[in-house]
Amino acid sequence: MNKILIIFLLFCSTTLSAVEEISIPEADVMIYDTYYNLNFYHKIDDGSFQKIEINFDYNDGDNLQYQIKRSNKIISREELFLENHTIIHKENIKKNKFIFNNKFRLLQSTGEEEQTIMFEFLNSSISSFYEIDFRKKEEQGGFGSFEEKKDDNIKKWRINDAIFYNTIKINLGENKHIFLFLEQDYLEGFFLPLIDNNIIVSNNLGIFKAFELENEDPKIKIAFSEKMNFFEIENYYYINEIENNKYILIDDFGNNLLNSVFDTIIYNSYFIIGKNEGENYIFLSNLKEFKIENLLEVYLCRTGLEVLTETSAHYYDADLNIIDEFPPLQYILCGTVYSDCYEIHKYKKSPYHIKVISGGMASEYDEIIELELFELSKKYKITFLNGKEQYCWDGNDRFMDNHYGFPKLLKVKKGKKKGIISYEYSKYDVFEITDTINDGYKKKIIHVIPIPTEIEEVLPIKYDSIQLNPKNGLVYFYKKKKIGLFPKHKTVQYDSLIEKTKSFYLFTRKGKKGWLDLNTFEEYFIK
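This section reports on the structure supplied with the text. Note that the structure is predicted; figures quoted are calculated from it, not measured.

Calculation notes
- Per chain, residue numbering runs from 1 following the sequence as it is written.
- Where local features are concerned, this predicted model is filtered to residues with pLDDT of at least 70; where side-chain atom pairs are given and counted, the filter is 80 or more; whole-chain, interface and lining totals use all residues.
- Values shown for side chains rest on all heavy atoms present in the structure; no hydrogens or waters enter the calculation.
- Under the DSSP-based scheme used, a helix requires at least four consecutive residues in state H or I and a strand at least two consecutive residues in state E, with every element numbered from the N terminus.
- Per-residue accessibility, obtained with a 1.4 Å probe over protein chains only, is compared with the maximum for each type, and a residue is labelled buried under 20%, exposed over 50%, and partly exposed between these values.
- Here a residue-residue contact requires only that any non-hydrogen atoms of the pair lie within 4.5 Å.
- Accessible surface is estimated by sampling points in the Shrake-Rupley manner with a 1.4 Å probe; for residues, cover comes only from the protein chains shown.
- The term nonpolar core refers to a set of buried residues drawn from Ala, Val, Leu, Ile, Met, Phe, Trp, Tyr and Cys, joined through side-chain atoms within 4.5 Å.
- Two cysteine sulfur atoms form a disulfide, by the criterion used here, when they sit within 2.5 Å.
- What counts as a salt bridge is simple: a side-chain nitrogen of Lys or Arg found within 4 Å of a carboxyl oxygen of Asp or Glu.
- What counts as a ring pair is set by centres within 6.5 Å for rings of Phe, Tyr and Trp (its six-membered ring), and what kind of pair is set by the plane angle: stacked under 30 degrees, edge-to-face over 60, tilted for all other angles.
- Comment: the charge-over-ring label is applied if NZ (Lys) or CZ (Arg) is within 6 Å of the ring centre and within 35 degrees of the ring normal.
- When DSSP finds two or more bridges between a pair of strands, those strands are recorded as paired.
- Working convention: axes come from line fits to C-alpha atoms, limited for helices to the stretch in contact. Angles between N-to-C directions cover 0 to 180 degrees.

## Here we look at the overall build of the chain
Okay, step 1: When its secondary structure is counted, the chain shows four helices and 44 strands.
Okay, step 2: Here the chain holds 527 residues, and 46% of them are scored as buried.
Okay, step 3: Pairs at least 24 residues apart make up 52% of the contacts formed inside the chain by residues separated by at least 6 positions.
Okay, step 4: Surface accessibility of the chain: about 28,500 Å² in total, with carbon and sulfur atoms responsible for 48%.

Structure below.
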């Protein structure tokens, strides 16, 4: 063997390349045992072999590296070919040009049970196994949320579970390759493309023949969105700052997965968005780029995308279908959560009071604080922005992504005109306890009224109407049929404002139409 190659194999320790590949052309034999340990051996002659080891670990920079070592010990044929060993000769590996969207079926249905196991390469560095069976959607249990879909009560192939692994290609030379599956730095299985058949070995699942699906079977086709429900992307892709405010997306091996540098990167299990110098770049979580013509802005939204182009605003689901809205969410909520409740009280001989009750089912006691709005005349009529004299909020509201109703803002009416005032307090201030009550359910702790509680006018009392949209948390104010949005605006701005998606609204101002991005309040006029 070439001495330079031997020295490389002995002392190589490097971060893996963009496509994870390790070259071991001298490996003549591969052996795995009943514990699925895979070892490589170089054949010196008919009766002796030399072991080649591949070790994985993390360096100081948290990148996964490999190290290849040749053992100094020479092993006899008898020592190598033990009864509990399965032997694979390199000559039995078929030549392959692997395409990383190949799909394989590992288990045929048996008896009345309609179930199978699928394997596929998500991309050049991630592999996945997923167990599927033919059934209706199971009822959800525990605490959480799920999308309610039209086919929930239809029997179809559905995923029970999925496992994802980092994948390394081992180049054996002669255009022959095998693939290793890693969970962090542990070998969890491997793929052997043999001349007679494909063998997949998994520590979690066992040993299977892998039947390649040249054309995906429509009977067991699983949508991309369903597979990615199980993909915990933060365990495989990482945002890495390479210089001030410049970022790349890397894997465990430190590779720049998108081959680009961005000002901002955001992702979830379905999509990755990179923003650079005002341009937006969209990738699916399998790293395939998704291009949209005339794209102005894009945001992650639940399991899909919220997109603004020069001509429209709409959503994409995770399977790249354009949709008007996402399926409704069903929630399984907790009965013991913290809550805050605000109440407006008007007494005969004192100013308006705000009573704040903090506690709820998850606490041992309720804490009651009364605030005196001593600067506010009783000539004014006040409510919270929801138009009521009570506003309550709890942990389930937060979990359900309900919009906070701004209880420290009050809608004030004087005559026919309306405005907004604010007040501030901290319930973490030290208040004197004036009384405690035990009502048989829990103790109530009552604090002395903190005086003074100052108010501030934050929107002049000169508008015809003020409305809180509970769906999105927007506060609209109106005057002479024109519209403004508090707190961004202090004067009315638009002749019309129409919601198209959660973030993008179509507006008209002085006869011109445009799009308003509610996240940035940037306006895009339609040409």
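## So, the nonpolar core
The tendency in soluble globular proteins is for nonpolar side chains to be buried side by side.
Okay, step 1: Counting 37 residues, the largest nonpolar core has Leu122, Ile132, Phe164, Phe231, Tyr237, Ile272 and Leu305 as the members making the most contacts within it.
Okay, step 2: Breaking this core down by element, the ones donating at least two residues are β10 (126–135), β12 (156–173), α3 (224–228), β20 (271–276), β21 (279–284) and β24 (304–309).
Okay, step 3: Counting residues per element, this core draws most heavily on β12, at four residues.
Okay, step 4: Sequence-distant contacts of Ile132, that is, excluding residues within four places in its chain, are made with Glu114, Gln115, Thr116, Met118, Trp157, Arg158, Ile159, Asn160, Ile220 and Ile222.

## Notes on the environment of Ile88
Okay, step 1: Within the secondary structure, Ile88 is located in strand β7 (residues 86–89).
Okay, step 2: Since its relative accessible area comes to 9%, Ile88 is described here as buried.
Okay, step 3: For the pair Ile88 and Met30, spaced 58 residues apart in the sequence, the C-alpha separation amounts to 5.0 Å.
Okay, step 4: Not counting residues up to four positions away in its chain, the partners in contact with Ile88 are Asp28, Val29, Met30, Tyr32, Ile93, Leu192 and Leu194.

## Quick notes on the state of the cysteines
Okay, step 1: Within this structure, the stated rule accounts for one disulfide.
Okay, step 2: In this model Cys341 forms its disulfide with Cys392; the gap between the sulfur atoms is 2.0 Å. Placement of the pair is Cys341 in strand β28 (residues 338–346) and Cys392 in strand β32 (residues 390–394), with a sequence separation of 51 residues.
Okay, step 3: Overall, the relative accessible area of 12% leaves Cys341 in the buried class.
Okay, step 4: Looking at Cys392, the relative accessible area reads 39%, which means it is partly exposed.

## Some thoughts on the pattern of salt bridges
A side chain with one charge can pair with a side chain of the opposite charge if their charged atoms come near.
Okay, step 1: Counted by the stated rule, this structure contains 15 salt bridges.
Okay, step 2: The residue Glu424 makes a salt bridge to Lys408 at a minimum N-O spacing of 3.7 Å. With Glu424 in the loop between β34 (417–423) and β35 (433–438) and Lys408 in the loop between α4 (395–399) and β33 (409–414), the pair connects residues that are 16 residues apart, well separated along the chain.

## Details of the packing of aromatic side chains
In this description, a pair of aromatic rings is defined by centroid distance and the angle of the planes.
Okay, step 1: Applying the stated rule across the entire model yields 29 aromatic pairs.
Okay, step 2: Between Phe231 and Tyr236 the ring centres are 5.2 Å apart and the planes differ by 25°, which places this aromatic pair in the stacked class.
Okay, step 3: Residue classification places Phe231 among the buried positions, given a relative accessible area of 1%.
Okay, step 4: Taking relative accessible area as the criterion, Tyr236 reaches 14% and is therefore assigned buried.
Okay, step 5: Ring pairing ties together the aromatic residues Phe104, Phe119, Phe121, Phe129, Tyr165, Phe179, Phe181 and Phe191, which thus form one cluster.
Okay, step 6: The ring of Tyr299 is capped by Lys275, whose NZ or CZ atom sits 5.4 Å from the centre of that ring.

## Describing the sheet that holds strand β42 (residues 504–509)
One key point about sheets: their strands pair by backbone hydrogen bonds, in either a parallel or an antiparallel sense.
Okay, step 1: Taken in spatial order, the four strands make up an open sheet running β41-β42-β43-β44, and their pairing is antiparallel. What marks the edges here is a single partner per strand, and that holds for β41 (496–499) and β44 (523–525). Along the sheet, successive strands turn relative to each other by an average axial angle of 25°, direction set aside.
Okay, step 2: Pairing of β41 with β42, which is carried by four bridges, proceeds in the antiparallel orientation. Along β42, the bridge assignment pairs Glu499 with Tyr505.

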